[in-house]
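Take a look at the letters that make up each chain.
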Amino acid sequence: MARLQDSKDEVIHLRSAGVDLGKRFLLACVRTPSTKRAGSWSLETERFGTTTAEVRRLLAWLLERQVEVVVMEATSDYWRPVYYLLQPHRNLMLVNPAHLKGIRGRKTDPSDAAFLARAGASGMVMASFVPERDIRELLTRNCLFFYWMV
């Protein structure tokens, strides 16, 4: 489902990606400098499943395109497995959907991945804090311990 499209914009990251998370599938869009026209950008979109194998295929796809930053919305709990699998390998930005609503020019679902890629490339969004794995595990163990004590 690869699709190329040209668009112009200011950039901080030359190669960015947006991932639109869903319950049954992920839609990823990579934004890279166009080889056809200087100063413009090409968008390539691909659909992935939500299984571990498919998220690994997404990672390989992002690595192959040399993506510098990946932006995804904190949608329900769908972001967790994707974030945890990609985080050791890529610079990820998990963004709050409420912060995205105020950005002018926001479109609906079909272009969410492209919008997220553009927002990440141009620095329009700020990442949410996600603790490192060691801290998450420590918090989980402590919560279970305190629950057991009560």
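The shown structure was predicted, so the numbers you read here are calculated from the model rather than taken from an experiment.

K.L.:
Help me understand the confidence of the model for the protein in this model?
P.N.:
As a note on interpretation, predicted positions should not be read in detail where pLDDT is low. A residue-level look at the protein finds 65% of positions with pLDDT of 70 or above and a mean pLDDT of 75. Of all secondary-structure elements in the protein, the lowest mean pLDDT belongs to strand β1 (residues 6-7), at 46, while helix α1 (residues 52-64) reaches the highest, 94. This stretch, residues 3-8, has a pLDDT under 50; its non-local contacts, to residues over four places away or in other chains, come to 21 contacts. Low confidence marks residues 145-150, where pLDDT is under 50. Its contacts with residues over four positions away, or in another chain, come to zero contacts.

K.L.:
Even after reading the chapter, I still don't get the pattern of salt bridges, so can you show me in this structure?
P.N.:
Tallying each qualifying case throughout the model produces four salt bridges. Notably, a salt bridge pairs Arg 57 with Glu 54, separated by 3.0 Å at the nearest N-O pair. One end of the pair, Arg 57, and the other, Glu 54, are both in helix α1, three residues apart, so they sit about a helical turn from each other. The exposure class assigned to Arg 57 is partly exposed, which follows from its relative accessible area of 35%. Residue class for Glu 54 comes out partly exposed when judged on its relative accessible area of 22%. Here Arg 65 makes a salt bridge to Glu 64, at a shortest N to O gap of 3.1 Å. Classification of Glu 64 as exposed rests on a relative accessible area of 60%. Overlapping salt bridges bring together Glu 44, Glu 64 and Arg 65 as one network.

So, how was this worked out
Residues numbered from 1 in each chain as written. Predicted model: local features only at pLDDT ≥ 70, side-chain atom pairs only at ≥ 80, totals over all residues. Heavy atoms only, no water. pLDDT = per-residue confidence, 0-100. Helix = DSSP H or I, 4+ residues; strand = E, 2+ residues; numbered from the N terminus. Contact = heavy atoms within 4.5 Å. Salt bridge = Lys/Arg side-chain N within 4 Å of Asp/Glu carboxyl O. Buried < 20%, exposed > 50% of the residue type's maximum accessible area, 1.4 Å probe, protein only.

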